[in-house]
Amino acid sequence: MELDQNRGQRMRLAMVIALCALFLFMAVGLTLMGSSVYRRVTAASQDNEMRRTAMSYLVNQVRRGDSAGGVSAGELGEVDAVVLRETAGEISYVTYLYCHEGSLMELYTGEGLGLGAADGVAILPMQSLTVREERGGLAMTLLFPDETQEELFVCPRSEKEGGVSP
């Protein structure tokens, strides 16, 4: 009788241990699955935020430079660029927004100083930026490091004077 009682206690103990091990295994599995989903969602959110930030930056820079003849599509060296011109007194300044070596770049310089694409400041990761004047505005194609592509169209509100006309 005592032998049966010991065996029953051992069986119950084995079942409790097996149940605890199963619970532990399930908890670890769910935690790993949850962290994997969290990483994917966070990465997708960061990529989306980077794309939106880049597009917002370009639109706001064009709006900031919106003056008669102040906004145009052009090139810096052999790279497509958004060209923003402004004058302070008798001095002319140019801001170039372009892509170089995997980054959206900005170069603010005096007109005709001969600086090149490598002289700008990196803003955000971006593979390429294509800019063209179209329908009275700037049509831009942005290619991001994750191979996603976004189209952007900005229409300046000021009159044409060597730049884009409305």
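For the structure given in this document, a descriptive report is provided here. This one's a predicted model, so the numbers in the text were calculated from it and none came from an experiment. (Residues numbered from 1 in each chain as written. Predicted model: local features only at pLDDT ≥ 70, side-chain atom pairs only at ≥ 80, totals over all residues. Heavy atoms only, no water.)

Quick notes on the sheet that holds strand E7 (residues 137–143)
Ordered by their spatial adjacency, 3 strands build an open sheet running E6-E7-E8, and the pairing between neighbours is antiparallel. Every interior strand has two partners, whereas the edge strands, strand E6 (128–134) and strand E8 (149–154), have only one. Each neighbouring strand pair of the sheet contributes to a mean axis angle of 15°, computed without reference to strand direction. The pairing of E6 with E7 spans 7 bridges and is antiparallel. By the bridge assignment, Ser-128 is partnered in E7 with Leu-143. (Pairing = 2+ DSSP bridges. Helix = DSSP H or I, 4+ residues; strand = E, 2+ residues; numbered from the N terminus. Axes fitted to C-alpha atoms, helices over the stretch in contact; angles between N-to-C directions.)

Some thoughts on the sheet that holds strand E2 (residues 79–88)
Taken together, the 5 strands give an open sheet; going across it, the order is E1-E2-E3-E4-E5, and neighbouring strands pair in antiparallel fashion. Strand pairing shows two members of the sheet lacking a second neighbour, strand E1 (71–76) and strand E5 (121–125), which therefore form its edges. Across the sheet, the mean angle from the axis of one strand to that of its neighbour is 30°, orientation sign disregarded.

Thoughts on a nonpolar patch on the surface
A surface patch of nonpolar side chains, amounting to about 470 Å² of accessible area, comprises Leu-19, Leu-22, Phe-25 and Met-26. Considering the arrangement of structural elements, one finds Met-26 in helix H1 (residues 2–64). (Patch = residues over 30% accessible without salt bridge, like charges linked within 9 Å, V, L, I, M, F, W, Y side chains within 5 Å. Areas by Shrake-Rupley, 256 points an atom, 1.4 Å probe, with all protein chains shown as cover. Salt bridge = Lys/Arg side-chain N within 4 Å of Asp/Glu carboxyl O.)

What about the packing of aromatic side chains?
Counted according to the given criterion, the structure contains 1 aromatic pair. Here Tyr-93 and Tyr-108 contribute two aromatic rings whose centre-to-centre distance is 5.5 Å and whose plane-to-plane angle is 15°, an arrangement assigned as stacked. Of this pair, Tyr-93 sits in strand E3 (residues 91–100) while Tyr-108 sits in strand E4 (residues 103–110), placing them 15 residues apart in sequence. By relative accessible area, which is 45% here, Tyr-108 ends up partly exposed. The residue whose ring lies beneath Arg-135 is Phe-153, and the NZ or CZ to ring-centre distance is 4.6 Å. (Phe/Tyr/Trp six-rings, centres within 6.5 Å; stacked < 30°, edge-to-face > 60°. Buried < 20%, exposed > 50% of the residue type's maximum accessible area, 1.4 Å probe, protein only. Lys NZ or Arg CZ within 6 Å of the ring centre and 35° of its normal.)

A short note on the nonpolar core
Where a protein is soluble and globular, its nonpolar side chains tend to be buried together. One finds Leu-58, Val-82, Met-126, Leu-129, Met-140 and Leu-142 to be the most contacted residues of the largest nonpolar core, which totals 21 residues. When residues of this core are traced back to their parent elements, those giving at least two are H1, E2, E3, E6, E7 and E8. Counting residues per element, this core draws most heavily on H1, at 5 residues. Once residues within four sequence positions are removed from consideration, Met-126 is found in contact with Ala-54, Cys-99, Gly-102, Ser-103, Leu-104, Leu-142, Leu-143, Phe-144 and Pro-145. Core analysis: the next-biggest nonpolar cluster, separate from the first, contains 9 residues, Leu-76, Ala-81, Val-94 and Leu-107 among them. (Core = buried A, V, L, I, M, F, W, Y, C linked by side-chain atoms within 4.5 Å. Contact = heavy atoms within 4.5 Å.)

What about the pairing of E7?
Most of E7 sits inside the fold, with 7 of its 7 residues counted as buried. In this antiparallel pair of consecutive strands, E6 and E7, the connection spans 2 residues, and Arg-135 shows a positive phi of 50°. The pairing of E7 with E8 spans 6 bridges and is antiparallel. Looking at E8, one finds that Leu-142 is bridged to Glu-150. Turn length for the E7-E8 hairpin, with the two strands adjacent in sequence and antiparallel, is 5 residues, and the turn residue Glu-147 shows positive phi of about 70°.

A short note on the environment of Gly-77
Within the secondary structure, Gly-77 sits in the loop between E1 and E2. For Gly-77, a relative accessible area of 61% puts it in the exposed group. Measuring from C-alpha to C-alpha, the distance between Gly-77 and Ala-117 comes to 6.8 Å, with 40 residues separating the pair along the chain.

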